[in-house]
Amino acid sequence: MKVTIVGGGFGGVKAALELAEHPNNHVTLISDKPDFQYYPALFATATGHSHRQSWIPLETIFDDWPNVELITDEIVKLHPDTRQLVGKQGTYDYKTLILALGSVTTYFGIEGLDTFSYGIKSQDEIRRLQNHLFEEMRDGSDDEKNYVIIGGGATGVELAGALGEYLLVLRRHFGIRKKRLRITLVEAAPRLLPRLSESTSRKAAARLKRLGVHVETDKKVERQTAESLMVSGRPLSTQTVIWTSGVTNAPFFNNNSEHFTINERGKVVVDEFMRARTGIYVIGDNAATPYAGLAQTALHDAQFVVRHLNGSKKTYRPVQPASVIPIGHHWAVFEWGRLRFAGWLGGFMRMSADLIGYHDVLPIGWAVKAWRSQDKQELRIPDEPAILEEG
Ligand SMILES: Cc1cc2nc3c(=O)[nH]c(=O)nc-3n(C[C@H](O)[C@H](O)[C@H](O)COP(=O)(O)OP(=O)(O)OC[C@H]3O[C@@H](n4cnc5c(N)ncnc54)[C@H](O)[C@@H]3O)c2cc1C
């Protein structure tokens, strides 16, 4: 069987690995970047932990799989009538296609955010943020520094829990004693983690408070300039705003909307076998399924589609993944249906979930290496945080 997959993320890599187990299968995996990005660890890399846990070269993952061909290209156009994909570097024929392109950042049109805010969704964004944090810390002045994180979802909460410790490490490194550091987490909904239960939300807010984070819920971000952020009509003086709030479906689908049915959330409508059209499967963040937007859903979708391609007649059944959100060192909130707890046990669950997550897409040796590097702080000073140089 010949299958072409676009997207070297959770869904695409998992589908390729599952297909590659049969030596008669030939997989072409096309992705716009040469690395697999482990999103759940980005907040840790952004706050000085090892980059090894966040980016793993696709070549390493598929080293032992000769029936997987890797192509680095950005696909821009689909021609289903001739079964062709058009990329920026070339044109590719396909027989069966799996699309797993993930999501991109959106600022919901809020003025100034695209120019002045920082993000943690890619290597470039993290490098830019770290350079800025380094520069700010060593600028010599002793005044108060305000760090504002926008978005009280999982990423914002994780980042808020880790940023304080990182800033203290930077401050110690630069020998700064007096500079006051204030971290504010802003959320538009009335509570943090609005997709989880109220009790989990309360525990997360209490934990952040203990870590010294100032939480502002029910607050709307209206505008950002170089020196301030307008929040619900009140200006907040800051030069560091980190946007973790909005994502939207990969633009490929809007650019090829004549070939897909797209729902009101911008997701692609798929049938009970995850097909958007004959011979085209859409999975992970891209598909209009109840739990799209989580890595575990993308892995689940990939396994489902491969089983279907192997002849299974079972229809798609969404599975609610557990949520484990680390807040500070070895501490996390855990929620899975009615099972909820918080504390070091949550931290342990998160470490276990990460080990399983790495193992899902990496050879075991690499999975353990990536997982063990989680606790390593990589403070490269003075000039560049060396998150890219080591590949
Ligand atoms: C900061 C952050 C933290 C997160 N933390 C968690 C977490 O803790 N737990 C959890 O379950 N989920 C988490 N998520 C969500 C999770 O990462 C996604 O749901 C998951 O990655 C979706 O998998 P996917 O295969 O659909 O897309 P992705 O994993 O995003 O993969 C998409 C791939 O397609 C490539 N691509 C995009 N467009 C093109 C194109 N036109 N041509 C070629 N290639 C293309 C991309 O470069 C990427 O390699 C997080 C997300 C973010 C942003």
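Being a predicted model, the structure only gives us computed values, none of them experimental. (Residues numbered from 1 in each chain as written. Predicted model: local features only at pLDDT ≥ 70, side-chain atom pairs only at ≥ 80, totals over all residues.)

A. Quick peek at the overall build of the chain. Helix and strand content of the chain: 11 helices and 23 strands. Computed over the C-alpha atoms, the radius of gyration of the chain is 21 Å, within 12% of the 21 Å expected from 2.2 N^0.38 for a compact globule of 391 residues. The principal-axis extent of the C-alpha atoms belonging to the chain is close to 65 × 45 × 40 Å. Across the 391 residues that make up the chain, the buried fraction comes to 44%. (Helix = DSSP H or I, 4+ residues; strand = E, 2+ residues; numbered from the N terminus. Rg over C-alpha atoms; globule rule 2.2 N^0.38 Å. Buried ≥ 20, exposed ≤ 12 C-beta atoms within 10 Å, placed from the backbone.)

B. Just the site of the ligand, in detail. Around the ligand, a shell composed of 33 residues is seen, among which Gly7, Gly9, Gly11, Gly102 and Gly284 lie nearest. Within the residue set of the shell around the ligand, elements represented by two or more residues are helix 1 (10-20), strand 2 (26-31), helix 6 (154-173) and helix 9 (295-309). Its residues assigned to classes, the shell around the ligand comprises 16 nonpolar, 12 polar and five charged. In terms of domain composition, the shell around the ligand takes at least three residues from each of domain 1 (2-105 + 247-309) and domain 2 (113-245 + 323-375). (Near = placed C-beta within 6 Å. Nonpolar A, V, L, I, M, F, W, Y, C, P; charged D, E, K, R; others polar. Domains from an automatic or database assignment.)

C. View of unusual backbone geometry. Positive phi is not limited to glycine here, since Ser232 has a value of about 45 degrees. With respect to the element layout, Ser232 can be found in the loop between strand 15 (228-231) and strand 16 (234-237). Residue His330 is not a glycine yet carries a positive backbone phi of 50 degrees.

D. Local environment of the domain arrangement of the chain. Domains assigned within the chain are domain 1 (2-105 + 247-309) and domain 2 (113-245 + 323-375). Taken together, the contact between domain 1 and domain 2 spans 26 residues of the former and 24 residues of the latter. Where the side of domain 1 that touches domain 2 is concerned, the elements lending two or more residues are helix 1, helix 2 (42-46), strand 4 (55-57), helix 3 (58-61) and helix 9. Ranked by residue count, the leading element in the side of domain 1 that touches domain 2 is helix 2, at five residues. (Contact = placed C-beta atoms within 7 Å.)

E. Focus on the sheet that holds strand 16. Pairing is antiparallel in the open sheet, where three strands are placed in the order 14-15-16. Single-partner strands in this sheet number two, and they are strand 14 (221-224) and strand 16. Neighbour-to-neighbour, the strand axes of the sheet open up by a mean angle of 25 degrees, direction not taken into account. Both strand 15 and strand 16 contribute to a ladder of four bridges, which runs antiparallel. Bridged to Ser228 within strand 16 is Ser237. (Pairing = 2+ DSSP bridges. Axes fitted to C-alpha atoms, helices over the stretch in contact; angles between N-to-C directions.)

F. Examining helix 6 more closely. Taking 1.5 Å per residue as the helical rise, helix 6 with its 20 residues ought to reach 28 Å, and the 29 Å between its terminal C-alpha atoms agrees with that figure. By the largest-angle criterion, Leu163 marks the main kink of helix 6, which is about 30 degrees. Taken residue by residue, helix 6 has Ala154, Thr155, Gly156, Val157, Glu158, Leu159, Ala160, Gly161, Ala162, Leu163, Leu167 and Leu170 as its buried positions. Remark: Gly175 follows helix 6 within two positions and exhibits a positive phi of approximately 65 degrees. (Expected span 1.5 Å × (residues − 1). Bend = angle between axes of the 7 residues up to and from the residue.)

G. Spatial organisation of the environment of Ser323. Within the secondary structure, Ser323 is located in strand 21 (residues 323-326). Note: C-alpha distance between Ser323 and Tyr92 (231 residues apart in sequence) is 38 Å. Among residues more than four places away in sequence, those in contact with Ser323 are Ala154, Leu196 and Glu335.

H. Focus on the sheet that holds strand 8 (residues 91-93). Within the open sheet, the three strands sit side by side as 6-7-8. Their pairing is antiparallel. A single partner strand is all that each edge strand has here, and the edge strands are strand 6 (75-79) and strand 8. On average, each strand axis in the sheet is tilted by 20 degrees relative to the strand beside it, whichever way the strands run.

I. A look at the environment of Gly12. Within the secondary structure, Gly12 is located in helix 1. For Gly12, a count of 28 C-beta atoms within 10 Å corresponds to the buried category. Discounting residues that sit within four places of it in the chain, Gly12 has contacts with Ile5, Val6, Gly7, Leu29, Ser31, Ile98 and Ala100.

J. Layout of the confidence of the model for the chain. Here the chain averages 91 in pLDDT, while 94% of its residues score no lower than 70. Counting interchain partners and residues more than four positions distant, the pLDDT-below-50 stretch residues 381-391 has 15 contacts. (pLDDT = per-residue confidence, 0-100.)

K. Molecular detail of the packing of helix 1 against helix 9. Where helix 1 meets helix 9, the closest approach of the two axes is 8 Å, and the angle between their N-to-C directions is 35 degrees. Every pair of crossing elements has a handedness; the one defined by helix 1 and helix 9 is right-handed. Two secondary-structure elements touch here, helix 1 through Phe10, Gly11, Lys14, Ala15, Glu18 and Leu19 and helix 9 through Ala295, Ala298, Leu299, Asp301, Ala302, Gln303, Val305 and Val306. (Left-handed = near helix turned anticlockwise from the far one by under 90°.)

L. The nonpolar core, seen in detail. Ala16, Ile98, Val282 and Ile283 are the most contacted members of the largest nonpolar core, which has 108 residues in total. The element contributing the most residues to this core is helix 6, with eight residues. Residue contacts for Ala16: discarding those within four places in its chain leaves Ile5, Val27, Leu29 and Val68. (Core = buried A, V, L, I, M, F, W, Y, C linked by C-beta atoms within 7 Å.)

M. Region of interest: the environment of Gly212. Within the element layout of this structure, Gly212 appears in the loop between helix 7 (198-210) and strand 13 (213-216). Given 12 C-beta atoms within a 10 Å radius, Gly212 is considered exposed. Put simply, Gly212 and Ala160 are 52 residues apart on the chain and 9.6 Å apart in space, counted from C-alpha to C-alpha. Setting aside residues up to four positions removed in sequence, Gly212 forms contacts with Gly164 and Ile183.

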